[in-house]
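# Coordinate analysis (summary)
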Amino acid sequence: VRSRGLGDVYKRQLFIVYPRGSEWTLNTIKLSENTFEQRASLPASWAGLTNKDLETASGVIGAKFCHNARFIAIAETRDAILKMAEKAVKEFKRNI
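Fair warning: this is a prediction, and the values are worked out from it, not measured in the lab.

## Thoughts on the nonpolar core
- Core analysis: the biggest nonpolar cluster contains 17 residues, and Phe15, Leu26, Leu42, Trp46 and Met84 have the highest contact counts within it.
- Ignoring anything within four residues of it in the chain, the contact list for Met84 reads Leu26, Trp46, Leu54, Val60, Ala63, Ala73, Ile74 and Ala75.

If you want it as structure tokens, here you go:
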């Protein structure tokens, strides 16, 4: 059995979650430095939505913002952003 290095884990990673001030951020990962193309986009139904509209579309209380280009989303809490990340991964897998 060959152990996997961090590079292998990174290659399979679709999104990055991190705190930003008092909020939490979900970011996509670009395919390379030379493109805006992403490994996976956030769900199309979230694009450009904020606050209650995004909460309704995502089904996540505390969802605050999703960029129209679907490369970043923001939530009030860590729990909310992790729920958003889980939903984004499930949608990505459903569409491949």
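## Regarding helix 3 (residues 78-94)
- Over its 17 residues, helix 3 extends 24 Å from the first C-alpha to the last, a length consistent with the 24 Å expected when each residue adds 1.5 Å.
- Taken residue by residue, helix 3 has Ala80, Ile81, Met84, Ala85 and Ala88 as its buried positions. The arc that holds the buried residues of helix 3, viewed along the axis, is 140°, so those residues lie on one side. Seen from the open side of helix 3, the exposed residues pointing more than 90 degrees away from its buried face are Arg78, Lys93 and Arg94.
- Where the residues of helix 3 are buried, they touch strand 1 (15-20), strand 2 (23-28), helix 2 (51-58), strand 3 (63-66) and strand 4 (72-75).

## Here we look at helix 2
- Listed as buried for helix 2 are Leu54, Glu55 and Ser58. Down the axis of helix 2, the buried side of the element spans an arc of 105°, and every buried residue falls inside it. Facing away from the buried side of helix 2 by more than 90 degrees, the exposed set consists of Lys52, Asp53 and Thr56.
- Residues of helix 2 that are buried sit in contact with strand 3 and helix 3.
- Remark: Gly59 follows helix 2 within two positions and exhibits a positive phi of approximately 75°.

## Re the pairing of strand 3
- In this sheet, strand 4 lies alongside strand 3 in antiparallel orientation, the contact comprising 3 bridges. Opposite Ala63, over in strand 4, you have Ala75 as the bridge partner.

## Structural notes on the side chain of Thr25
- In this structure, Thr25 sits in strand 2.
- Not counting residues up to four positions away in its chain, the partners in contact with Thr25 are Ile16, Val17, Tyr18, Arg20, Ile72, Ala73, Ile74 and Ile81.

## Re the sheet that holds strand 2
- Strand order in the open sheet made by the 4 strands is 1-2-4-3, with antiparallel pairing throughout. The open sheet has two edge strands, strand 1 and strand 3, and neither has a second partner. Each strand axis lies, on average, 20° off the axis of its neighbour in the sheet, ignoring direction.
- As paired elements, strand 2 and strand 4 share 4 bridges and run antiparallel to each other. When the sheet's bridge partners are listed, Thr25 is paired in strand 4 with Ile74.
- Packed onto the sheet, helix 3 meets strand 1, strand 2, strand 3 and strand 4 and runs at close to 145° relative to strand 4.

## Some thoughts on unusual backbone geometry
- The phi dihedral of Asn51 is positive, around 45°, even though this residue is not glycine.
- With respect to the helices, strands and loops of the structure, Asn51 is situated in helix 2.
- The class for Asn51 is partly exposed, based on a relative accessible area of 43%.
- Positive phi, close to 65°, is recorded for Arg70, a residue that is not glycine.
- Position of Arg70 among the secondary structure elements: in the loop between strand 3 and strand 4.

Thresholds applied
- Throughout, residues of each chain are indexed from 1 in the direction in which the sequence is written.
- pLDDT decides what is reported in this predicted model: residues at 70 or higher carry local features, side-chain atom pairs at 80 or more are listed and counted, and totals for whole chains, interfaces and linings draw on all residues regardless.
- To obtain the side-chain values, all non-hydrogen atoms of the structure were included, while hydrogens and water were left out.
- Throughout this description, the term nonpolar core refers to a set of buried Ala, Val, Leu, Ile, Met, Phe, Trp, Tyr and Cys residues connected via side-chain atoms within 4.5 Å.
- Remark: exposure states derive from per-residue accessible area (1.4 Å probe, protein chains only) relative to the maximum for the residue type, with buried under 20%, exposed over 50%, and partly exposed in between.
- Contact definition: two residues touch when any of their heavy atoms are within 4.5 Å.
- Helix and strand definitions follow DSSP, with helices as H or I runs of at least four residues and strands as E runs of at least two, each counted in order from the N terminus.
- In a helix, the anticipated span is given by 1.5 Å times the number of residues less one.
- In this description, one arc is meant: the one made by directions from the helix axis to the C-beta atoms.
- We call two strands paired when DSSP finds no fewer than two bridges between them.
- Lines fitted to C-alpha atoms define the axes here, with helix axes fitted over just the stretch in contact, and angles between the N-to-C directions of these axes take values from 0 to 180 degrees.

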